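# Topology and contacts: notes
This is what each chain is made of:
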Amino acid sequence: MAVPEKDQQTGSEEADPDREVGELVGRLTEPGELEPAERRKLLGRLARSLSAGSKRARDSGTGRGRWLADVFINIAPRIPIRDLHTLSEHHHGLTGEQLADDLVRTAQKATMTVGAIGGALAAAEFAAPPLLLSAPAQLVAETIVVAAIEVKLLAELHEVYGVRVEGTGAQRAAAFTAAWARQRGIDPLAPASVSLALGAATKTALRNRLMRTLGRHLTTLGPFLTGAVAGGALNRMATKKLGQTIRDDLRLKLPAPPERGRLDPPERDRSDP
């Protein structure tokens, strides 16, 4: 007998909560606009899933920073990264610096929106003391989604600037996650940039970056709408700074186009006396 879709989904979520987290983050970082109500609903589901995982980690003695890093490493391969052709199509045919400008603006708007929703939820719970203990779950969800949006931005800026990162999907996701943790572009000529992307030192950097991001979101715990305003503004500024830093870094790694990099004169010139 066929199992109803809802029951299948519930059973899947219970069997593999990490998969649900990855799917929710993937939906929240897909190209295109989400309706505010839908975004709020997805963030709420993500917060509930993360809350359950956080409790299990706490019961097992795992620190929040380590748990948060492990969650992000698991969901990173599900972050949808577009190639250059698709990026240009989705951004009205823009290319080069104009496309990079638009990517950063879009990412700023996305993290600002997530921050405003998370901040508003936190503010509502601040105003209702019995619910205050659930506020961190909302902010952890916000932290994960903002980090995913910024990793996506970083990866797609590499596409725009022609700094191609080779490897499997999982290897590239690890490399982009490591680059986000260090707030730097990837050097494609350094073999360790992909193969050793998530070594012990990088995992520590990722944990610290996520905890700093979570700490920033904790400042949105405030009465009335102050949390929403602060959450949106802080995320927007942080994403803008990241975008500028990565663009400056990638310009230094930008391969020269053939017409600028060609050293030999045209064949006919060499044959002339």
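The structure this text deals with has already been given above.
Basis of the calculations
- Residues numbered from 1 in each chain as written.
- Predicted model: local features only at pLDDT ≥ 70, side-chain atom pairs only at ≥ 80, totals over all residues.
- Heavy atoms only, no water.
- Helix = DSSP H or I, 4+ residues; strand = E, 2+ residues; numbered from the N terminus.
- Expected span 1.5 Å × (residues − 1).
- Buried < 20%, exposed > 50% of the residue type's maximum accessible area, 1.4 Å probe, protein only.
- Core = buried A, V, L, I, M, F, W, Y, C linked by side-chain atoms within 4.5 Å.
- Contact = heavy atoms within 4.5 Å.
- Salt bridge = Lys/Arg side-chain N within 4 Å of Asp/Glu carboxyl O.
- Axes fitted to C-alpha atoms, helices over the stretch in contact; angles between N-to-C directions.
- Parallel < 35°, antiparallel > 145°, perpendicular 65-115°, else oblique.
- Left-handed = near helix turned anticlockwise from the far one by under 90°.
- Nonpolar A, V, L, I, M, F, W, Y, C, P; charged D, E, K, R; others polar.

### Section: helix H8 (residues 169-182)
Spanning 14 residues, H8 covers 20 Å between terminal C-alpha atoms, matching the ideal 20 Å at 1.5 Å per step. Counting buried positions over the 14 residues of H8 gives 10, a clear majority of the element. When H8 is considered as a whole, its buried residues turn out to be Arg172, Ala173, Ala174, Ala175, Phe176, Thr177, Ala178, Ala179, Trp180 and Ala181. Once H8 finishes, Gln183 follows within two positions and takes phi at roughly 55°, a positive value.

### Remarks on the nonpolar core
Of all hydrophobic cores here, the largest spans 57 residues; its most connected members are Leu46, Leu50, Phe72, Ile144, Leu157, Trp180 and Leu210. Secondary-structure elements contributing two or more residues to this core are helix H2 (17-28), helix H3 (36-59), helix H4 (64-75), helix H6 (96-126), helix H7 (135-160), H8, helix H10 (200-218) and helix H11 (226-253). With 16 residues, H7 is the largest single contributor of residues to this core. If we skip the residues at most four places from it in the chain, Leu157 touches Ala100, Leu103, Gly243, Ile246, Arg247 and Leu250.

### Digging into the pattern of salt bridges
For the structure on display, the rule yields 14 salt bridges. Each of Glu97, Asp101, Arg247, Asp248 and Arg251 takes part in one network of salt bridges that share partners.

### Concerning the environment of Asn208
When you line up the elements, Asn208 lands in helix H10. Overall, the relative accessible area of 34% leaves Asn208 in the partly exposed class. As for Asn208 and Ala69, which are separated by 139 residues in sequence, their C-alpha atoms are 8.8 Å apart.

### Details of the packing of H3 against H4
The interhelical angle for the contact between H3 and H4, taken along N-to-C directions, is 130°, at an axis separation of 10 Å. The orientation of H3 with respect to H4, classified from their angle, is oblique. In this structure, the crossing between H3 and H4 has a hand that is right-handed. Here Leu50, Gly53, Ser54 and Ala57 of H3 lie close against H4, whose contacting residues are Arg64, Trp67 and Val71. For the contact of H3 with H4, the per-class residue count stands at four nonpolar, two polar and one charged.

### Focus on unusual backbone geometry
You will see that His92, though not glycine, has its phi angle at about 60°, which is positive. The topology assignment puts His92 in the loop between helix H5 (84-90) and H6. Take His92: its relative accessible area is 75%, and that puts it in the exposed class. Phi is positive for Gln183, which is not a glycine, with a value near 55°. Tracing the sequence through the fold places Gln183 in the loop between H8 and helix H9 (192-195).

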